[in-house]
Amino acid sequence: QVQLVESGGGLVQAGSSLSLSCAASGRTFSRYNMGWFRQAPGKEREFVGAINWRNSVTRYADSVKGRFTISRDNAKNTMYLQMNSLKPEDTADYYCAAGPPASSLVQYSYGYDYWGQGTQVTVSS
């Protein structure tokens with residue numbers, strides 16, 4: 001089992017930056033691919049990005065590419081999501097997820113076994 005806790009959400013203005021954290025406990029964090037997803041009100045959960053367990057290669061959704069950056073610190077059992085140039089359409093609950101140590105990064109929810117409770121991000125125009 002892996003327990004995940006997100007933090008760092010809040011209310012910001014468009015154009016601002018925000019950094020989310022995902023703290024993991026339980027089994028070895030470094031052995032998991034990690035992902036970020038988000039869910040806006042009335043919409044399905046969507047992939048934001050992911051980071052490989054071994055080489056920290058990342059993958060992003062087109063909607064956030066160039067604005068969001070995912071990183072991880074295995075020594076601290078923590079993953080980060082740096083969000084820059086935020087837009088109102090980035091408003092959502094953001095979830096981190098842990099999946100098996102595959103070589104490829106999955107952009108679908110079913111590719112992840114453990115989920116956090118989410119942190120809310122609201123971007124005002």
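Our structure is the block above this text.
Quick look at the structure, then. (Residues numbered from 1 in each chain as written. Predicted model: local features only at pLDDT ≥ 70, side-chain atom pairs only at ≥ 80, totals over all residues. Heavy atoms only, no water.)

### Describing the sheet that holds strand β7 (residues 68-73)
The four strands lie next to each other as β1-β3-β8-β7, forming an open sheet whose pairing is antiparallel. The sheet terminates laterally at β1 (2-7) and β7, the two strands that pair on one side only. Adjacent strand axes in the sheet meet at a mean angle of 15° when their direction is disregarded. The pairing of strand β3 (residues 18-26) with strand β8 (residues 78-83) spans six bridges and is classified as antiparallel. In the sheet register, serine 19 faces β8, and the bridge partner there is glutamine 82. (Pairing = 2+ DSSP bridges. Helix = DSSP H or I, 4+ residues; strand = E, 2+ residues; numbered from the N terminus. Axes fitted to C-alpha atoms, helices over the stretch in contact; angles between N-to-C directions.)

### Points about the nonpolar core
With 36 residues, the main nonpolar core has Leu4, Met34, Trp36, Met79, Leu81, Met83 and Tyr94 as its most contacted residues. Broken down by secondary-structure element, the contributors of at least two residues to this core are β1, β3, β4 (33-39), β5 (46-51), β7, β8, β9 (92-99) and β11 (119-124). In terms of residue count, the dominant contributor to this core is β9 (five residues). (Core = buried A, V, L, I, M, F, W, Y, C linked by side-chain atoms within 4.5 Å. Buried < 20%, exposed > 50% of the residue type's maximum accessible area, 1.4 Å probe, protein only.)

Without other data, these values stay purely geometric and don't point to any function.
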